[in-house]
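Structure assessment
One letter stands for each residue in the lines below.
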Amino acid sequence: DGEQLTRTMADNRARWRAARGDFDSETVEATVQGHSQNGVYWATDTLCALHDSVHGINKVYYVTALKFNSSLTGGTTTTVTLHPPKLLA
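Here's a quick rundown of the structure. Keep in mind the model is a prediction, meaning the values are calculated, not measured.

Section: the pattern of salt bridges
Where charged atoms from two side chains of opposite charge come close, those side chains can pair. Under the definition given, this model contains 3 salt bridges. A salt bridge links Asp24 to Arg20; its shortest N-O distance comes to 3.0 Å. On the criterion of helical spacing, the pair formed by Asp24 and Arg20 is a turn pair, its members being 4 residues apart in helix H1 (residues 7-25). Residue classification places Asp24 among the partly exposed positions, given a relative accessible area of 41%.

Structure, rendered in C-alpha cells:
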C-alpha cells in the first residue's frame, strides 16, 4: 500500500498475511445437538477439541462463528465454524 514501511513493518505485515492464509486455508464446520456442552453454552473466541472418527480429525480448533438453529423435527442444533488456533495472535 501507499504507506512508508520500514523493513520491520513490512516483515511483520508479510508474516501476518502468511498466517492469515494458513488460518483461512482450513475451515471445519460441525453441527452438534443443542446450544451447550455439559451445561456451558457455545461461544466464539474460544478453543474447542474436535474428535471426529468419521473424518479422522482429532485436533483443537479456534471457534470463529456459531449458528443456532431450532426446529420441531430436529430439535436444537448449533453449527460451529472452526479454524486452526494461534495463527492470528
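Alright, that's what it looks like, and here's the rest.
Regarding the nonpolar core
Counting 8 residues, the largest nonpolar core consists of Val28, Trp42, Cys48, Leu50, Tyr61, Val63, Val80 and Leu82. What Tyr61 contacts, discounting residues up to four positions off in sequence, is Glu26, Val28, Thr46, Leu47, Cys48, Leu50, Leu82, His83, Pro84 and Pro85.

Description of the packing of aromatic side chains
Under the definition given, this model contains 1 aromatic pair. On the basis of an interplanar angle of 55° and a centroid distance of 6.5 Å, the ring pair of Phe23 and Tyr62 is categorised as tilted. Here Tyr62 lies in strand E5 (residues 57-71) and Phe23 lies in helix H1, a separation of 39 residues in the sequence.

Side note on the pairing of E5
Examined bridge by bridge, strand E4 (residues 46-52) and E5 share 7 bridges and lie antiparallel to one another. Across the sheet, the residue bridging to Leu50 is Lys59, located in E5. Pairing of E5 with strand E6 (residues 75-83) involves 9 bridges; the strand directions are antiparallel. By the bridge assignment, Ser70 is partnered in E6 with Thr76. Adjacent in sequence and paired antiparallel, E5 and E6 are bridged by 3 residues.

Quick notes on the rules
- Residues numbered from 1 in each chain as written.
- Predicted model: local features only at pLDDT ≥ 70, side-chain atom pairs only at ≥ 80, totals over all residues.
- Heavy atoms only, no water.
- Salt bridge = Lys/Arg side-chain N within 4 Å of Asp/Glu carboxyl O.
- Helix = DSSP H or I, 4+ residues; strand = E, 2+ residues; numbered from the N terminus.
- Buried < 20%, exposed > 50% of the residue type's maximum accessible area, 1.4 Å probe, protein only.
- Core = buried A, V, L, I, M, F, W, Y, C linked by side-chain atoms within 4.5 Å.
- Contact = heavy atoms within 4.5 Å.
- Phe/Tyr/Trp six-rings, centres within 6.5 Å; stacked < 30°, edge-to-face > 60°.
- Pairing = 2+ DSSP bridges.

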